[in-house]
Amino acid sequence: MNQALIAYLYSDTKPDDEQTKKLINFLKAKYGDVRLAFKSDEHIKNGFILKINNDIYDWTKEGRIRQFKNYISSITPGSQLIPILRSAIGDWRMHIIPEQVGTVISVGDSIAMVSGLGDAQYGEILLFENGVSGMVSDLKTDCIGCILFDDGYDVNQGDAVYRTGKKAGVPVGEAFIGRVVNPLGVPIDDKGEILSSLYSSIETPAPQIIDRQPVDTPLETGILAIDSMFPIGRGQRELIIGDRQTGKTTIAIDTILNQKGKNVFCVYVAIGQKAGSVASIVKTLRNAGAMDYTCVVVSAASDAPSLQYIAPYAGTAIAEYFMNQGKDALIVYDDLSKHAVAYRTISLLLGRSPGREAYPGDVFYLHSRLLERSARLSDRNGGGSLTALPIVETQAGDISAYIPTNVISITDGQIFLESDLFFNGQRPAVNVGISVSRVGGAAQSKAVKKACSSLRLDLAQYSELESFTRFSGELDDITKTQLRHGKCLMNLLKQRQHSPINRHRQVIMLILSLGNITERIPYKNTADFLNTVFEKIENEHSEICAAIDNDGRLTDEYADIIKSAGEETAAVMTNG
Ligand code: ATP
Ligand code: MG
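Quick caveat: nothing in here was measured; it's all calculated off a predicted structure.

Visitor: Give me the lowdown on the site of ligand 1, citing residues and values where you can.
Guide: Among the 15 residues in the neighbourhood of ligand 1, the closest are listed as Gln245, Lys248, Thr249, Thr250 and Gln497. A distance of 2.9 Å separates an oxygen atom of ligand 1 from a polar side-chain atom of glutamine 245. At 2.8 Å from an oxygen atom of ligand 1 is found a side-chain nitrogen or oxygen belonging to glutamine 497. With 3 residues, the top contributor of residues to the shell around ligand 1 is helix α5 (residues 248-257). Tallied by class, residues from the shell around ligand 1 come to 2 nonpolar, 7 polar and 6 charged.

The following block contains the structure:
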């Protein structure tokens, strides 16, 4: 037999017969047979709260204000904000809407378990009584797990929790250029509020295959070792991987610096970094004028794991806005190892079963759904692009660990940085043998491609020869020449941090070194030698620089001019 539902009515005064009759009629129409029980509550003045099942009808002053607030926030502001608000206020009527109000059953470590929100969806934002927000991250049969975007000290057991019906999102738009924000899009620099009327969900589906086109435009890093051998194209995902303190962040920052004047909007996402390191990165970018086209999204090591978890998705949403506008964007995730650790923390606290290395089973999906959002869109979709430079930290050079193998398999190549090289002074410490760029070759400018034809092969020969001859005393002349050539190439690839090299200079350096001209100069004078040749070509043959920089064109004639300029300078320097 079905028992009648009981609806509880809370108020400071008992309703009269007329009111009771109206209420019962309303409830009967919606819930069938209902019994009304009155409970006196002196806190509820000028209104009442009606609870039935999980539904709550809040007809108190606070409830009406909240409903009005929701209504106002659902209006899309246009250019004429005041008239819209005026008419909105005029049109607004209080509705009898059942609200699901949940209750916090436990809270700790930035995770709250909430009961009574049977209809809340995965990824929905919940609002706690004291203004803290959180995201539904686990749906259990009798309660839901919610990650808090706060340390959670203000949330207590028994607090009321409200649904917002909104998925987690951030404001996006041009206003983010030059700003430092947290993963919720709230500015943390001292430049005031960010005014943006656009809002984007942090998780959006990746573009479909037919919405994409092949990568064909270079995204130059300004780092010779990368642009020559592991070129990156716009829309590509290239992993930067290596042990701690091997120059990973520096490569990413240098790439951002090199985008100056190239119409590429950059987002640097710091995940679990020390606040001090992030501050110095922002300073470097600002001093170099790179903040004019860059936004920094920060989730520091001291932030809640939930913020570290959503940071890369939020950063991607901000960058995607530019891609969808038909522009080119670059995003750096520094780094995804810490992101995986933050996600592992959340999963374990939510009580999910641990898998390999205690990561949850869906940790691959964590990164694949993020990196798949990088794309080169087809012309029909505006032709914009989003290039990703994820960073992963390895332990003792072990790239076969769980997270490194996952991210290697998702990306289109990796730049492997090696501690030994770094400590031997070979910086950037790119390991030429195991680094690779799978799609960037098609995007490399023809000039660089032509100039560096034999570079990889020469370097491979050198490294083999070097290990082979390390212990032998007497070497024949050919071997000596080969070793000298190899050494000269290794020196060529050394580059100071934050000093990107432009395309025509890269081409000149490659032609002179692969043409065995640089090695005639003593090592300490190479920088002078190269600078002299740069100036000579730039002053006397600006058409060559223009052809290389603008069209990516290097004719045999141009190569000969560069070579003879090099020969002349070398002759002067070695005789003088
Ligand atoms: P972490 O693991 O701490 O994040 P990382 O791998 O990101 O480190 P960086 O912070 O980029 O490494 O660099 C480590 C140090 O090496 C920094 O002090 C940086 O200035 C220096 N460094 C990096 N690249 C170069 C370079 N090409 N020339 C000289 N110094 C460099
Ligand atoms: Mg770093």
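The structure having been displayed, the exposition proceeds.
Visitor: Describe the packing of aromatic side chains, and please don't skip the residues or the numbers.
Guide: Scanning all chains against the criterion turns up 7 aromatic pairs. Arranged with centres 3.6 Å apart and planes meeting at 20°, the rings of phenylalanine 265 and phenylalanine 322 form a pair that is stacked. Here phenylalanine 265, found in strand β15 (residues 264-273), pairs with phenylalanine 322, found in helix α7 (residues 305-324); they are 57 residues apart in sequence, far enough to count as distant. For the residue pair phenylalanine 265 and phenylalanine 322, the accessibility class agrees, reading buried in each case. One Lys or Arg, arginine 369, reaches over the ring of tyrosine 365 and ends 4.9 Å from the middle of that ring.

Visitor: An account of the sheet that holds strand β18 (residues 385-393) is requested, with residue identities and associated values reported.
Guide: Ordered by their spatial adjacency, 8 strands build an open sheet running β12-β16-β15-β17-β18-β14-β19-β20, and the pairing between neighbours is mixed. Two strands lie at the open edges of the sheet, namely β12 (180-181) and β20 (436-437), each paired on one side alone. The pairing of strand β19 (residues 413-417) with β20 spans 2 bridges and is classified as antiparallel. Its bridge partner lying in β20, glutamine 414 is registered against valine 436. Running at roughly 180° to β15, α7 makes contact with β12, β15, β16 (294-300), β17 (328-334) and β18 of the sheet.

Visitor: Help me get a handle on helix α2 (residues 61-73), residues and values and all.
Guide: With 13 residues, α2 should reach 18 Å at 1.5 Å per residue; the first-to-last C-alpha distance of 18 Å fits that figure. Here α2 has its buried residues at Gly63, Arg66 and Gln67. Around the axis of α2, the buried residues are gathered within 100° of arc, so they sit on the same side. The exposed set on the far side of α2, more than 90 degrees from its buried face, consists of Lys61, Glu62 and Lys69. In this structure, the buried residues of α2 make contact with β4 (55-59), β5 (99-108) and β10 (160-167).

Visitor: Describe the state of the cysteines, listing the residues and the values that go with them.
Guide: Taken as a whole and assessed by the stated rule, the structure comprises 0 disulfides. For the unlinked cysteine cysteine 143, the closest cysteine sulfur is that of cysteine 146, found at 11 Å. Judged by its relative accessible area of 11%, cysteine 143 falls in the buried class. The cysteine cysteine 295 is free of any disulfide, with cysteine 266 supplying the nearest cysteine sulfur at 11 Å. In this structure cysteine 295 comes out as buried when scored by relative accessible area, which is 0%.

Visitor: Just give me the short version of helix α13 (residues 455-469), but keep the residues and values in it.
Guide: Compared with the 21 Å implied by 1.5 Å per residue over 15 residues, the 21 Å span of α13 between its first and last C-alpha is a close match. Of all the residues in α13, the buried ones are Leu455, Asp458, Leu459, Tyr462, Leu465 and Thr469. Taken around the axis of α13, the buried residues stretch over an arc of 135°, which confines them to a single face. Among the exposed residues of α13, those oriented more than 90 degrees off its buried face are Leu457, Glu464 and Phe468.

How each quantity is defined
- Residues numbered from 1 in each chain as written.
- Chains lettered and ligands numbered in written order.
- Predicted model: local features only at pLDDT ≥ 70, side-chain atom pairs only at ≥ 80, totals over all residues.
- Heavy atoms only, no water.
- Near = heavy atom within 4 Å.
- Polar contact = N/O pair within 3.5 Å; in protein donor to acceptor, adjacent residues only side chain to side chain.
- Helix = DSSP H or I, 4+ residues; strand = E, 2+ residues; numbered from the N terminus.
- Nonpolar A, V, L, I, M, F, W, Y, C, P; charged D, E, K, R; others polar.
- Phe/Tyr/Trp six-rings, centres within 6.5 Å; stacked < 30°, edge-to-face > 60°.
- Buried < 20%, exposed > 50% of the residue type's maximum accessible area, 1.4 Å probe, protein only.
- Lys NZ or Arg CZ within 6 Å of the ring centre and 35° of its normal.
- Pairing = 2+ DSSP bridges.
- Contact = heavy atoms within 4.5 Å.
- Axes fitted to C-alpha atoms, helices over the stretch in contact; angles between N-to-C directions.
- Expected span 1.5 Å × (residues − 1).
- Arc of directions from axis to C-beta.
- Disulfide = S-S within 2.5 Å.

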